[in-house]
Amino acid sequence: MTAAGDFASLSDGETFLLLAALVAVIGSILVTTLRTGVPPMPSNSHVAATMLALVPADTRGVIYELGAGWGGFAVRLAWRCPAARVIAYELSPLPFIVAKALQWLSRRRNLEVRYGNFMSRPLGDGAVVTCYLMIGAMVRLAPKLRAELPAGALVVSNAFTLPDWPPERVVTVTAYQNTPVYLYRQPLAAQEASATPVG
Ligand SMILES: C[S@@+](CC[C@H](N)C(=O)[O-])C[C@H]1O[C@@H](n2cnc3c(N)ncnc32)[C@H](O)[C@@H]1O
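What counts and how
- Residues numbered from 1 in each chain as written.
- Predicted model: local features only at pLDDT ≥ 70, side-chain atom pairs only at ≥ 80, totals over all residues.
- Heavy atoms only, no water.
- Core = buried A, V, L, I, M, F, W, Y, C linked by side-chain atoms within 4.5 Å.
- Buried < 20%, exposed > 50% of the residue type's maximum accessible area, 1.4 Å probe, protein only.
- Helix = DSSP H or I, 4+ residues; strand = E, 2+ residues; numbered from the N terminus.
- Contact = heavy atoms within 4.5 Å.
- Near = heavy atom within 4 Å.
- Polar contact = N/O pair within 3.5 Å; in protein donor to acceptor, adjacent residues only side chain to side chain.
- Areas by Shrake-Rupley, 256 points an atom, 1.4 Å probe, with all protein chains shown as cover.
- Nonpolar A, V, L, I, M, F, W, Y, C, P; charged D, E, K, R; others polar.
- Patch = residues over 30% accessible without salt bridge, like charges linked within 9 Å, V, L, I, M, F, W, Y side chains within 5 Å.
- Salt bridge = Lys/Arg side-chain N within 4 Å of Asp/Glu carboxyl O.
- Domains from an automatic or database assignment.
- Buried area = accessible area lost by both parts, 1.4 Å probe.

Right, let's talk about the nonpolar core for a bit. Counting residues in hydrophobic clusters, the biggest one holds 28 residues, and the most contacted among them are Val55, Ile63, Leu77, Leu111, Val156 and Val181. Within the residue set of this core, elements represented by two or more residues are helix H3 (45-54), helix H4 (72-80), strand E2 (84-90), helix H5 (93-106), strand E3 (111-115), strand E5 (154-158), strand E6 (169-173) and strand E7 (179-185). The contact partners of Val156, leaving out residues within four places of it in the chain, are Met51, Leu54, Val55, Val129, Thr130, Cys131, Val181, Tyr182 and Leu183. Counting 24 residues, the second-largest nonpolar core is a separate cluster that includes Leu133, Ala137, Leu162 and Tyr182.

Our next topic: the site of the ligand. Taken together, 21 residues lie near the ligand, and Ser43, Glu65, Gly67, Glu90 and Asn117 sit nearest. Side-chain polar atom of Ser43 to an oxygen atom of the ligand: 2.6 Å apart, as the coordinates give it. Between an oxygen atom of the ligand and a side-chain N or O atom of Glu90, the distance comes to 2.6 Å. For the ligand, whose free accessible area comes to 600 Å², the fraction covered by protein is 96%. Grouping the constituent residues of the shell around the ligand by class yields 12 nonpolar, seven polar and two charged.

To continue, consider a nonpolar patch on the surface. Taken together, the side chains of Leu19, Leu22, Val25, Ile26 and Leu30 present a nonpolar region at the surface, about 440 Å² in accessible area. Considering the arrangement of structural elements, one finds Leu30 in helix H2 (residues 12-36). Residue classification places Leu30 among the exposed positions, given a relative accessible area of 52%.

Glancing now at H3. Restricting attention to buried positions, one finds in H3 the residues Val47, Ala48, Thr50, Met51, Leu52 and Leu54. Where H3 is buried, its residues touch H4, strand E4 (126-131), E5, E6 and E7. The opening residue of H3 is Asn44, an N-cap whose side-chain oxygen sits 2.7 Å from the backbone nitrogen of His46.

This next bit is on the domain arrangement of the chain. Here the domain parsing of the chain yields domain 1 (3-36) and domain 2 (45-195). Distance from the C-alpha centre of domain 1 to the C-alpha centre of domain 2: 32 Å. Opposite the six residues of domain 1 that make contact, domain 2 presents nine residues. Interface area for domain 1 against domain 2, summed over the two sides, is near 530 Å², with a carbon-plus-sulfur share of 65%. Put simply, domain 1 and domain 2 have one residue pair in polar contact (both at pLDDT 80 or more) between them. For the side of domain 1 that touches domain 2, the class distribution of residues is two nonpolar, three polar and one charged.

So, in structure tokens, the structure goes:
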């Protein structure tokens, strides 16, 4: 029997439940996308490879993947940096469940996918931050990173810039729509400036 035939053989109740589940899944993605302003679109594989190459393979300490999406990039990070602890936050329920399943399937003990809003989590122990967000989210994230990241910490961003923060490097991914990948480094001066009491 065809899939269409299988669907036609469902009872009204089963069809309703199936459609309700579909609406709930799509609705949850839409609602979270409206809330964060960022859809759960994975990095293109060429861009992801460029981002990974900018993360030192011998990184120790914590790597924050801000907005794990479906989890593919977080798993690749954990493979690339075995001495680091990769913590990936995701706010959208369905992508989070898939990313969590990928974490489990990958068996990477240095990967932790967490449900939650990274804007309300401390990031002060981050040696590296990776992200593929959008303009509004980057505008909100920039002051948090400037205030919390330790001196020398790296930020690798797919396509979007952190405002008022000159990148250390920009790599253009010619294999995929000339996408820019930005590498930022937390300077010592910013840390000192944010720690200086006013008045
Ligand atoms: C474009 S996807 C990128 C996925 C993955 N990082 C990659 O590069 O393949 C961005 C993800 O960030 C998530 N996100 C956006 N803002 C967030 C926030 N404040 N807290 C947690 N997740 C967030 C979105 O739900 C979305 O799934």
